[in-house]
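Okay, here's what each chain looks like letter by letter:
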Amino acid sequence: MASVKELKKDINNVLGDIIEAVYIVEAANADQESKEGAKVIDEAIETFDDLIQKVNQRGVENRKKHLTAVRQELETKATGLVEKVNKLN
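Below: a short report on this structure. (Residues numbered from 1 in each chain as written. Predicted model: local features only at pLDDT ≥ 70, side-chain atom pairs only at ≥ 80, totals over all residues. Heavy atoms only, no water.)

Before going further, it helps to spend a moment on the overall build of the protein. If you tally the helices and strands in the protein, you get three helices and zero strands. Ordering the α and β elements of the protein from the N terminus gives α-α-α. Counting only C-alpha atoms, the protein reaches 50 × 20 × 15 Å along its principal axes. Classification of the 89 residues of the protein by burial places 31% in the buried group. For the protein, the proportion of contacts with a sequence separation of at least 24, taken over those separated by at least 6, is 69%. Surface accessibility of the protein: about 6,100 Å² in total, with carbon and sulfur atoms responsible for 50%. (Helix = DSSP H or I, 4+ residues; strand = E, 2+ residues; numbered from the N terminus. Buried < 20%, exposed > 50% of the residue type's maximum accessible area, 1.4 Å probe, protein only. Contact = heavy atoms within 4.5 Å. Areas by Shrake-Rupley, 256 points an atom, 1.4 Å probe, with all protein chains shown as cover.)

Take glycine 80: it is sitting in helix H3 (residues 63–86). You can call glycine 80 partly exposed: its relative accessible area is 25%. It is 9.9 Å that separates the C-alpha atoms of glycine 80 and valine 40, two residues lying 40 residues apart in sequence.

With that out of the way, let us pick up the nonpolar core. One finds Ile11, Ile18 and Val55 to be the most contacted residues of the largest nonpolar core, which totals 21 residues. Looking at this core, the elements with two or more residues in it are helix H1 (2–28), helix H2 (35–55) and H3. Looking at this core element by element, the count peaks at eight residues for H1. (Core = buried A, V, L, I, M, F, W, Y, C linked by side-chain atoms within 4.5 Å.)

Here H2 spans 30 Å end to end across 21 residues, near enough to the 30 Å set by a 1.5 Å rise per residue. Restricting attention to buried positions, one finds in H2 the residues Gly37, Val40, Ile41, Ala44, Thr47, Leu51, Ile52 and Val55. Each buried residue of H2 lies within a common arc of 125° when the element is viewed along its axis, so the set occupies one face. Opposite its buried face, H2 presents the exposed residues Lys35, Lys39, Glu46 and Gln53, each directed more than 90 degrees away. (Expected span 1.5 Å × (residues − 1). Arc of directions from axis to C-beta.)

When two helices pack together, their arrangement is given by the angle between the helix axes and by the axis-to-axis distance. Between H2 and H3, the least distance of the axes is 10 Å, while the angle of their chain directions is 175°. If you check the angle between H2 and H3, you find them roughly antiparallel. From H2, Val40, Glu43, Ala44, Thr47, Asp50, Leu51, Lys54 and Val55 reach across to H3, where they touch Arg63, His66, Leu67, Val70, Glu73, Leu74, Lys77, Leu81, Lys84 and Val85. (Axes fitted to C-alpha atoms, helices over the stretch in contact; angles between N-to-C directions. Parallel < 35°, antiparallel > 145°, perpendicular 65-115°, else oblique.)

Read these as spatial facts, not as claims about activity.
If you want it as structure tokens, here you go:
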């Protein structure tokens, strides 16, 4: 199922980019490992674990709708995390 593989890649890439953005913002501000940045990174990791677990669920009634909901959740949570990264400035 290619869509599951692509969804997992998207989850990994999006959340990985957010974590990388935190490091870039902290480096630009000369504020290495701030508490706020660490919280954003922790939340991104928790989101990753949660979404991957949802993708791997087997006993869902309608797999296509379930994966669509996971993709929408990724977009929603990623947007929230990006807003938090922007506030690190």
